[in-house]
Structures are given as C-alpha cells and as structure tokens.
Amino acid sequence: MRRKRSFASGLLRAAVLLAVLAAAALAGLYFSLRSRAEAFARGAVFALDYTVESTAEAPSAAYRTFETFGALSGRLEGEAGAGALALSFFAPGQDAPFLDLYSGDGTFYLNAGRLYRTYTAALAEQYPLLGALIPGWGLGDYLSAEQLALLLGQETSAQSAAPAAKLVPVRYAEGKDGYLYLAPEGADPDAPGLRVGVRLATLFSDEAELHILAEDPANALRFVLTGAARAEAVTLSPPDSRMADEDVEALRAVFEAVQALVEFMNG
C-alpha cells in the first residue's frame, strides 16, 4: 500500500513543485516588468525553455519522477495579467501540455486531469494490453491548492497561494553577461533560492529576454528557464472544470488503481 500512495503523491508533488516555482518566479517578474515598462500593464505572454537539474550526487525521488515522466526538459508557455497567471508545460516534441496551472484570487489550481491522461497514455503505449484496463477520468480536471494539501498531507496551500514576492536587484557573478538579476526581497543574498535575470538591453522594451534559476534544496533540484516575456493584453479567468472536495479520495483511488495495474504488468 505504501508504494501506491508513494506513486500518486510522487507524481503530484513533482508537478506541484515545478508549477509553484515557475509561478512564483513569473508572477514576481511580471510585477517588476509592469513597474518598469508601461506596455506590460496590459499583461504579458511568456515563452521559455526549461531544464530540471539534480544538485546531488544521487538523484532525488523528485528528480527521478521528472525523469520517468520524460519532463526533465521542455517548454513553458504562460500569460499574466490583472492579478492572475496561467501556465502550461510541454514535454519535448509534444504539441499538447502535460501540465496546466492557474493562479489567482489567493489560490491556485492544478490540472490533475491532464496530468493523469498524459501519464496513462504513456503507460498504454508502453504496455499495450494495459490500455483497456486503465480507469477513465470522470472527475473535474482542476485541483485547488487546498485539495492538493489534503491529498498530499502537507501545507501545499500555504506555500502555493502566497502572493508573489517583491524582487530586488542582486549581484550574481555566475550570471549571463549583460543581465540584471533580481531575487526575493529579504532572501539570503548568497543563496536566495530564486534568481530572475533580465537582459538589460530589453528591460524597458515590449519584449524582455529572461534567464531564471530556481533552487529547491529539499529535493536537490535546480530549475533553469530561458526565453522571453512579451507585453500583450491578457484576459484570464479561473478554470471551469474543478474537482469537488468529496472527489479527492476518489482521485487517490484512481491513481492507486493505475499503480496496481503497473505492478501487475511488471510481475
């Protein structure tokens, strides 16, 4: 039973980790850009490539989860405006995202339905006989931060619903030439956990070139994102397909059923 719970929580924890760190970085960045360039007051569109790196000799469980999911690298597309943020993550060579996130109104929503369908489609391709046995998804797609906290047994909501930190300039000797680096106000200057680099030549333009580094010491991970933010009018609204609170345990059962099938196929 422990292995089944580990599977469900491991996949979701890895997804939450990636989504929350990216959301914190881009929300803080958007606030900084909006205060420097008037064009960004209407909104911003992000397009970045990301890489997940291990900072330990032995890869952590979170790193192995990204590796198993084929998501150690990929691209991120997003939009920000009017106190809301929407992000989509794509694995290499894929046109459809494997993960979506919406943040706004003091909370965030993670598209667990898309994550599940992407994962089970990969399983069906790996184990053709398994395809007909995998349970379908009959729940609302998006989990709230509070529901994720309940499912994972941790303070997910407190971490992921926090407002974007104010970013201030910092020195970063290892950064890219010609970039201004920002970090959360009050963070350790030597290890701030998050550094957002903006190419100085584009700082006041309608398209800012970015270099973002986010560290997660607890899981021995580093996330590196490179790309651009473009000023563009954006209108965002919360997702319509949301999971009911009473269905959280049903979600746990669905993940455990899939893991049981995988263990059976592996003998």
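All of the points below concern the structure found in this document. Throughout this description, residue numbers start from 1 for each chain and increase along the sequence as written. Owing to the predicted nature of the model, reporting of local features is limited to residues with pLDDT of at least 70; listing and counting of side-chain atom pairs is limited to 80 or more, with chain, interface and lining totals taken over all residues. Side-chain metrics in this entry use all non-hydrogen atoms of the structure; hydrogen atoms and water are not considered.

With that out of the way, let us pick up the packing of aromatic side chains. For this analysis, a ring pair means two rings from Phe, Tyr or Trp (six-membered ring only for Trp) whose centres lie within 6.5 Å, classed as stacked if their planes differ by under 30 degrees, edge-to-face if by over 60, and tilted for the remaining angles. Applying the stated criterion across every chain yields a total of 7 aromatic pairs. Aromatic pair F66 and F223: ring centres 5.9 Å apart, planes at 80 degrees, arrangement edge-to-face. Pair noted here: F66 is in helix α2 (residues 61-68) and F223 is in strand β11 (residues 221-231), with a separation of 157 residues, a long-range link. Taken as a pair, F66 and F223 share a single burial class, namely buried. Arranged with centres 6.5 Å apart and planes meeting at 40 degrees, the rings of F89 and F98 form a pair that is tilted. For the pair shown, F89 and F98 are each scored as buried. Among the aromatic residues, ring-to-ring pairing joins Y50, F89 and F98 into one connected group. Placement of a positive charge over a ring is assigned whenever Lys NZ or Arg CZ falls within 6 Å of the ring centre and within 35 degrees of the normal to the ring plane. Across from the ring centre of F90, 3.9 Å away, lies the NZ or CZ of R75, which sits over that ring. Counting from the N terminus, the helices are the DSSP runs of H or I reaching at least four residues and the strands are the DSSP runs of E reaching at least two. A 1.4 Å probe rolled over the protein chains alone gives each residue an accessible area, and that area as a share of the maximum for its type sets the label: buried under 20%, exposed over 50%, partly exposed in between.

Our focus in this paragraph is helix α3 (residues 112-126). A rise of 1.5 Å per residue sets the reference length of α3, with its 15 residues, at 21 Å; its end C-alpha atoms lie 21 Å apart and thus fit the reference within 8%. Pairs of N or O atoms are called polar contacts if they sit within 3.5 Å, as long as, within protein, a hydrogen donor faces a hydrogen acceptor (for residues adjacent in sequence, only side-chain-to-side-chain pairs). One side-chain oxygen at the N-terminal end of α3 lies 3.3 Å from the backbone nitrogen of G113; it belongs to N111. For a helix, the expected span equals 1.5 Å multiplied by the residue count minus one.

Quick look at unusual backbone geometry now. Phi is positive for A82, close to 50 degrees, though the residue is something other than glycine. Note on placement: A82 falls in the loop between β2 (73-81) and β3 (84-90). With a phi angle near 50 degrees, A220 is a residue other than glycine that sits in the positive phi range.

Another point: the environment of P97. Counting through the fold element by element, P97 comes out in the loop between β3 and β4 (99-104). Separated by 45 residues in sequence, P97 and V52 place their C-alpha atoms 17 Å apart. Contact partners of P97, with chain neighbours within four places excluded, come to S88, F89, F90, R114 and T118. Whether two residues are in contact is decided by their heavy atoms, any of which lying within 4.5 Å being enough.

With that settled, consider a nonpolar patch on the surface. Together, L129, F264 and M265 line one region of the surface with nonpolar side chains, adding up to about 370 Å² of accessible area. Inspection of the secondary structure puts M265 in helix α6 (residues 248-265). On the basis of relative accessibility, which here comes to 30%, the residue M265 falls in the partly exposed class. Within this analysis, patches are made of residues with over 30% relative accessible area and no salt bridge. Like charges are joined at 9 Å or less; nonpolar side chains (Val, Leu, Ile, Met, Phe, Trp, Tyr) at 5 Å or less. Each accessible area value is a Shrake-Rupley result obtained with a 1.4 Å probe; residue values ignore everything except the protein chains displayed when judging cover. The salt bridge criterion pairs a side-chain nitrogen of Lys or Arg with a carboxyl oxygen of Asp or Glu, the two atoms within 4 Å.

With that out of the way, let us pick up the side chain of R252. Along the polypeptide, R252 turns up in helix α6. Of the polar contacts made by the side chain of R252, one reaches the side chain of E249; its length is 3.1 Å. With residues up to four places along the chain from it excluded, the contact list for R252 reads L150 and L151.

This part is about the nonpolar core. Ranked by internal contacts, the top residues of the largest apolar core, which has 79 residues, are F46, F89, F98 and F223. By residue number, the principal contributor to this core is helix α1 (residues 2-36), which donates 17 residues. Contact partners of F98, with chain neighbours within four places excluded, come to L18, Y50, F69, A71, F89, F90, A91, R114, L115 and T118. Throughout this description, the term nonpolar core refers to a set of buried Ala, Val, Leu, Ile, Met, Phe, Trp, Tyr and Cys residues connected via side-chain atoms within 4.5 Å. Counting 5 residues, the second-largest nonpolar core is a separate cluster that includes Y172, Y179, L213 and V224.

Before going further, it helps to spend a moment on the sheet that holds strand β9 (residues 194-199). Spatial strand order, β6-β5-β4-β3-β2-β1-β11-β10-β9-β8-β7: 11 strands in an open sheet with antiparallel pairing. Edge positions in the sheet fall to β6 (142-144) and β7 (167-170), since each of these pairs with one other strand and no more. Taking the axes of each pair of neighbouring strands and ignoring which way they run, one obtains an average angle of 25 degrees across the sheet. Here the rule is simple: two strands pair whenever DSSP picks up at least two bridges between them. In terms of strand pairing, β2 meets β3 through 7 bridges, oriented antiparallel. Looking across to β3, one finds that E77 is bridged to S88. Strand contacts of helix α4 (residues 145-152): β5 (107-111) and β6, with the helix running at about 85 degrees to β6, the strand carrying the most contacts. An axis is simply a line fitted to the C-alpha atoms; with a helix, the fit covers only the stretch in contact. Between two such axes, the angle follows the N-to-C directions and lies from 0 to 180 degrees.

Side-chain positions along a regular strand alternate between the two faces of the sheet. Across 8 bridges, strand β1 (residues 44-54) lies against β2 in antiparallel orientation. Bridge pairing in β2 places D49 opposite R75. Here β1 pairs with β11 via 11 bridges, running antiparallel. Paired with A47 across the strands is A228, a residue of β11.

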